[in-house]
Amino acid sequence: MAHAIKQLIDQSNQVIIMGHKRPDMDSFGAALGICRIAKNRNKPAAIVINSYNESLTDMYHSALNMGVYKFVNSEEALATADK
């Protein structure tokens, strides 16, 4: 599975990561991990998040304040997506 993800990332111009509609801790953590993998492969990456539940408030703001992760809403993701 890791090899397949690596190939998909390497063949892409950018990586747009989408989790659940209202992400939980697992979904959000996985999105952060995939974002790091993409960045380690020298690909621009963004995590799509339109809203989140209260349990993610601290984690989301912490990730946001780190300045390492890029967060976009679904409209921004669609506007920047290519084939």
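Before reading on, note that the structure itself is shown above.
S.K.: Got a minute to help me understand the sheet that holds strand β1 (residues 15-18) in this structure?
M.R.: Strand pairing in a sheet relies on backbone hydrogen bonds, with the paired strands running either antiparallel or parallel. Taken together, the three strands give an open sheet; going across it, the order is β1-β2-β3, and neighbouring strands pair in parallel fashion. Two strands in the sheet have a free side with no partner beyond their single neighbour: β1 and β3 (71-72).

S.K.: So what exactly am I meant to see when it comes to helix α2 (residues 25-40) here?
M.R.: Note on helix geometry: an α-helix contains 3.6 residues per turn, so any two residues three or four positions apart are oriented the same way. If you check α2, its first and last C-alpha atoms are 22 Å apart, about what 16 residues at 1.5 Å a residue would give, namely 22 Å. Where α2 is concerned, the buried positions are Ser27, Phe28, Ala31, Leu32, Cys35 and Ala38. Buried residues along α2 cover an arc of 135° about the axis, so they all sit on one side. Exposed residues lying more than 90 degrees from the buried face of α2 are Asp26 and Asn40. Elements that come into contact with the buried residues of α2 comprise α1 (2-10), β1, β2 (45-48), α3 (57-66) and β3. Sitting at the amino-terminal end of α2 is Asp24, which places a side-chain oxygen 3.3 Å from the backbone nitrogen of Asp26. Asn42, located one to two residues past α2, shows a positive phi value of around 65°.

Here is what the cut-offs are and how they apply
- For every chain, the first residue of the written sequence is number 1, and numbering continues from 1 along that sequence.
- Local features in a predicted model are, by the rule used here, given only for residues with pLDDT of at least 70; side-chain atom pairs are given and counted only at 80 or more, and totals for whole chains, interfaces and linings are based on all residues.
- Only hydrogens and water are set aside when side-chain values are computed; all heavy atoms of the structure are taken into account.
- Note: two strands are recorded as paired if DSSP finds a minimum of 2 bridges between them.
- Think of it this way: any DSSP run of H or I at least four residues long counts as a helix, any run of E at least two long counts as a strand, and we number them from the N terminus.
- Here the expected length of a helix is defined as 1.5 Å per residue gap, with one fewer gap than residues.
- Only protein chains enter the area calculation, which uses a 1.4 Å probe; residues under 20% of their type maximum are buried, those over 50% are exposed, and those in between are partly exposed.
- Relevant arc is that of directions from the helix axis to the C-beta atoms, nothing else.
- Only heavy atoms enter the contact rule, under which two residues are in contact if any of them lie within 4.5 Å.
- Here a polar contact is recorded for every N or O atom pair within 3.5 Å, except that within protein the pair must consist of a potential hydrogen donor and a potential acceptor, and residues adjacent in sequence are included only if both atoms are side-chain atoms.

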